[in-house]
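# Working through the structure, step by step
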Amino acid sequence: MIYVHTLRPDKVFGACRRFVQAVFGESFIEEEQLDLYKITKNEVKPNTPILLSCVTGYDASGRVEDMATNQKQALSNIALGSAEGFALAEKAINAASKNGKWVMLKNVHLAPGWLVQLEKKLHTLKAHPNFRLFLTLEVTPKIPVNLLRAGRILTFEPPDGIKANLLRTFNSISANRVNKAPNERARMYFLLAWFHAIVQERLRYTPLGWSKKYEFNESDLKCACDTIDRWIDDTAKGRDNLPPNKIPWDALCTLMSQSIYGGRIDNNFDQLLMNDFVKRIFQPSTFESDFLLVDKVDEHGNKLVIPDGLRREDFLRWMYKLPDTQTPAWLGLPNNADQVILQTKANTFIQKLLKMQAVTDDEDLAYQDFDFSVESQKNKSVIGAASRPQWMKNLATSVTEWLNIIPKEELAALKRTVENIKDPLYRFFERECTIGRNLLKTVLTDLNDVAQVCDLKKKQTNYIRGLLSDLQKGIVPKSWVRYTIPGGVTINPWIIDFSERIRQLHKIVAAAQKGQTALKELTVWLGGLFSQEAYFTATRQSVAQCKGYSLEELKLQVSVHSSAVDLDSSSFGMSGLKLMGAVHANGKLAITEDIMTDLVYTKISWVRDQDMEKRSGKQITLPVYLNNTRTTLVETLKFCTDQDKFYERGVAILCTPLS
C-alpha cells in the first residue's frame, strides 16, 4: 500500500480493498442486501430507535413508507424543525407507544437539542411490543452520542450514476402528473430529471464538478416540478398540445438558474456553469429528435441522443436501457476526473491514518526499554529518565530532518527609506517579510524545544505537550498556521512548502537591497506569498502611482511565456502557477486530457482600456484559486481561446499544488 500511494495514489482504495480482503477474508467486504423489515420486526426492541442516516440530498424515508404500506402497518410521519413539530412528535410517540403503531420523525438533525430529551424519554418508555420509532437524519456530528449508542443505525447512500438518478427522479413522480396534458409536459419532466441528475452527480467530483458541495436535493426537484406545472398550465390553457416555441423558456431558465437551484450557489464561476447547463437543457431544440445530450459517451465516440417520446413509459424504457456505469464525460467532465478525485480521497485517507497512529500512554509504557547500565546512568538527562518511548525517538528523528530542510539563516528586515516607503509594492513585501520572519522564529524555536524534550534535556510545558501531540500525529500545530493552507494538510508537505516560502523571502530581501527596480523585476512565486490577493492590489497601486492613473482605469492583462521576458513599468512576472484541465500553447488556451500543466512564466500587466493589446477571437475568464480545494478565489485572468466548455470541465488555475 505504501508503494501504491507513492507511485499511483489514485489506486490506494483498490489496494486497501485487497489488503482488507487478505486479512479478514472476502466475506468481510461483501455487500449484503439490507432486509429492513427483518431488522424492524426481529432485531430491534420497541424502545430502540432506528436511525436512517443519509448523505445530503438523499431521503430514505420512502423505504419505511413502502415497508409500512406492504405490511399494512399504520405509520405517522412528522417533519421536525419547528416548535409545532416537536409537540406533534411527542404526541404521536405517546399514542403509538400505547397502541403499537409506527412513528417516523424526519430530518431530526435539524433539532439536536430536542433529541437529548427524546433519548431520555425512550430510556424510560414502556412501549407496546409492536411500537417502532424511525428517525431520518443527515450525517452530522451534532447528533447526541447517547442517542446513537441507544439506537440501531442504518446508513443509506443513493446509487451513483446518471441512470440511477434518472430512475429515482421519475419513480418519485406519479404517472398521472407526468402524463397530464399537454403532451409536452412529460418531455419537460424528462429535461428536468436530466438536469437534476447532472447537477447532483457533479457533486461527487467536488471541487472539480462544483467548487463546493452544495445541498442540491429533492426539495429543489419538487419546487422545479411545481414551477414547470404552473408555467405549462398557464400557457397551455387546457389544450392537449403546446408548441415548443410557446413554452416560456426564459422564465423557466431564470427561475432554475437564479432561484430554485442557483439560489444555493455563492461562487461566480459555479453560477456561470449553472447558467450554461440551464440554457443548454431548457431550450426549444430539445424537442427535436436529434438533440444531443452527451457528445461522447464512450471511447468509441458514440453519442447519446434525447429519447423520442411523449409519455412517462417511453422515457422509463429508455432509462432502463442506459448502461449502469457512466464516464465523467456524461457530466461534461474530462474522463480523468475520476483519477483526480481518487487522488484527493487517497490523500485524505492517508492523512486520517496518520492521525490514528498516535500512540497512547499505555502503549508507550509497554514499549519502553529501560537501560540501567553504568554508561546510561552517566549520560542520564537532567530529568532523570532512563529511556525514551519509541514514539519520542521517531519524533526526534523527524524533527532533525525538518530542521535540516528549513533555512536557518535569519530573515533580515527590509530597510526603509524616504523613497521606497512610498511604493505600495515595497510595503507589501515588507509585510510579507515580517510575517515570514516571525513565523520562522516560532517554528525554529518550537522544533528546537521539541528536540530537547525528545532528548530528555528539557521539561515539558503545556504548550510543548500540545506540539508533541500534534507533530506525532502529523498535524500542523495551530500556532504555525498563520496563512491559508488546505484543511487536513500534514506536517511533511507543510514543512517543504514553508521552507520554499522562506527561500523566496530571502530572494526578496536581496532584491530590495539592490533597489526598487530589482524588487519590481523579481519573478514571484505567487503561491509562496502569504497574501496573494494583496500582491495583485499592490502591483495595481504601484502602476497607478507610477503612471499617474486612477485605479479604476487600470485593467489586468495576462500573457504566458516559456521563459522569463523583459518587463516594462506596468508589468510583473509570476511563476509556479498550475493550469488544471487545459494547456496554454501558441498564445491560446485549449482543453486537454492532462490533469495539470505548468504555466512556466506568467506576465501580468496593468493597462488602461485604450492601451490594452487588441486580441482577436474569443476570450475566457478563468478563476485563480489558492489551492486545489478551490475555497479561496485569488483573482480572475482572461485568456484567448477558440474552444468552449472550459467551465463545464472544471478548468482553473492553482497558485500552489499543496494538498
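Scroll up to find the structure.
Let us look at the structure shown here. As the structure is a prediction and not an experimental result, all values here were calculated from the model.

The next subject is the overall build of the chain. For the chain, the helix and strand inventory stands at 23 helices and 16 strands. Expressed as lengths along the three principal axes of its C-alpha atoms, the size of the chain is roughly 80 × 80 × 50 Å. Residues classed as buried in the chain amount to 46% of the 659 residues present. Partitioning the intrachain contacts of the chain with sequence separation of at least 6 by distance along the chain shows that 73% fall at a separation of at least 24. Placing the 85 positive and 76 negative side-chain charges of the chain at their respective mean positions leaves the two points 4 Å apart.

In this section: the sheet that holds strand β13 (residues 601-608). Sheet architecture is open: four strands sit in the order β8-β10-β13-β9, paired in mixed fashion. Each of the sheet's edge strands pairs with one partner strand only, and the pair in question is β8 (524-525) and β9 (554-561). Here strand β10 (residues 571-575) pairs with β13 via four bridges, running antiparallel. By the bridge assignment for β13, S571 is matched with S605.

Another aspect to go through is a nonpolar patch on the surface. Taken together, the side chains of F19, V23, F24 and F28 define a hydrophobic patch exposed on the protein surface, amounting to about 460 Å² of accessible area. For V23, the position within the fold is in helix α2 (residues 12-24). Residue V23 is classed as partly exposed on the basis of its relative accessible area of 48%.

A cis geometry characterises the amide bond from A181 onward to P182, with omega recorded as 0°. Locating P182 in the fold gives a position in the loop between α9 (175-178) and α10 (184-201). Note the cis peptide between T206 and P207, where omega equals 10°. Along the chain, P207 turns up in the loop between α10 and α11 (218-236). Here N586, not a glycine, exhibits a phi torsion of approximately 55°, which is positive. Inspection of the secondary structure puts N586 in the loop between β11 (577-585) and β12 (588-599).

It is worth spelling out the pattern of salt bridges at this point. On inspection of all chains with the given rule, the structure shows 26 salt bridges. In this structure, the salt-bridge partner of E65 is K106, at a minimum N-O distance of 3.3 Å. Taken as a pair, E65 in helix α4 (residues 61-70) and K106 in strand β3 (residues 102-106) lie far apart in primary sequence, 41 residues in all. Looking at E65, the relative accessible area reads 27%, which means it is partly exposed.

The strand order across the open sheet built from five strands is β2-β3-β4-β1-β5, with neighbouring strands paired in parallel fashion. The open sheet terminates on both sides in strands that have one partner only, identified here as β2 (75-79) and β5 (152-156). Adjacent strand axes in the sheet meet at a mean angle of 20° when their direction is disregarded. Across four bridges, the pairing between β3 and strand β4 (residues 132-138) is parallel.

This part takes up the state of the cysteines. This structure, assessed with the given rule, holds zero disulfides. A disulfide-free cysteine, C223 has its sulfur positioned 9.3 Å from the sulfur of C225, the nearest such atom. Classification of C223 as partly exposed rests on a relative accessible area of 38%.

Here we come to the packing of aromatic side chains. Geometry of an aromatic ring pair is reported as the spacing of the ring centres plus the angle between the planes. Using the criterion set out here, one finds 21 aromatic pairs in the structure. Here the aromatic rings of F190 and W318 are separated by 5.4 Å at their centres, their planes lie at 85°, and the arrangement is edge-to-face. Here the residue F190 occupies a position in helix α10, and W318 occupies one in helix α14 (residues 312-320), the gap between them amounting to 128 residues. F190 sits in the buried class, given a relative accessible area of 0%. Here W210 and Y214 contribute two aromatic rings whose centre-to-centre distance is 6.2 Å and whose plane-to-plane angle is 85°, an arrangement assigned as edge-to-face. The class for Y214 is buried, based on a relative accessible area of 5%. Here the aromatic residues F195, W210, Y214, F216, Y261 and F282 are joined through ring pairs into a cluster of three or more. Taking NZ or CZ as reference, K520 lies 4.7 Å from the ring centre of F572, over its face.

Turning to the pairing of β11, a few remarks are in order. Summarising burial for β11: seven of the nine residues are buried, a large majority. Counted along the chain from β11 to the antiparallel partner β12, the turn is two residues long, and its residue N586 has a positive phi close to 55°. Bridging between β11 and strand β16 (residues 652-654) involves three bridges; their strand directions are antiparallel. Each bridged residue has a counterpart across the sheet, and for K578 the counterpart in β16 is L654.

As for its position among the elements, N420 is in the loop between α18 (390-405) and α19 (424-454). Separated by 63 residues in the primary sequence, N420 and Y483 place their C-alpha atoms 26 Å from one another. Once you skip the residues sitting within four places of it in the chain, N420 turns out to touch K415, Y426 and Q516. Polar contacts involving the side chain of N420 include one to the main-chain carbonyl oxygen of K415, which spans 3.1 Å.

Another point: the side chain of S570. Mapped onto the secondary structure, S570 falls in the loop between β9 and β10. S570 gets classed as buried once you look at its relative accessible area, which sits at 10%. Contacts of S570, omitting those with residues within four sequence positions, involve V543, K547, I604, S605 and W606.

Criteria and thresholds
Residues numbered from 1 in each chain as written. Predicted model: local features only at pLDDT ≥ 70, side-chain atom pairs only at ≥ 80, totals over all residues. Heavy atoms only, no water. Helix = DSSP H or I, 4+ residues; strand = E, 2+ residues; numbered from the N terminus. Buried < 20%, exposed > 50% of the residue type's maximum accessible area, 1.4 Å probe, protein only. Contact = heavy atoms within 4.5 Å. Lys, Arg positive; Asp, Glu negative; His and termini not counted. Charge placed at Lys NZ, Arg CZ, Asp CG, Glu CD. Pairing = 2+ DSSP bridges. Patch = residues over 30% accessible without salt bridge, like charges linked within 9 Å, V, L, I, M, F, W, Y side chains within 5 Å. Areas by Shrake-Rupley, 256 points an atom, 1.4 Å probe, with all protein chains shown as cover. Salt bridge = Lys/Arg side-chain N within 4 Å of Asp/Glu carboxyl O. Axes fitted to C-alpha atoms, helices over the stretch in contact; angles between N-to-C directions. Disulfide = S-S within 2.5 Å. Phe/Tyr/Trp six-rings, centres within 6.5 Å; stacked < 30°, edge-to-face > 60°. Lys NZ or Arg CZ within 6 Å of the ring centre and 35° of its normal. Polar contact = N/O pair within 3.5 Å; in protein donor to acceptor, adjacent residues only side chain to side chain.

Any link to function would need more than the numbers given here.
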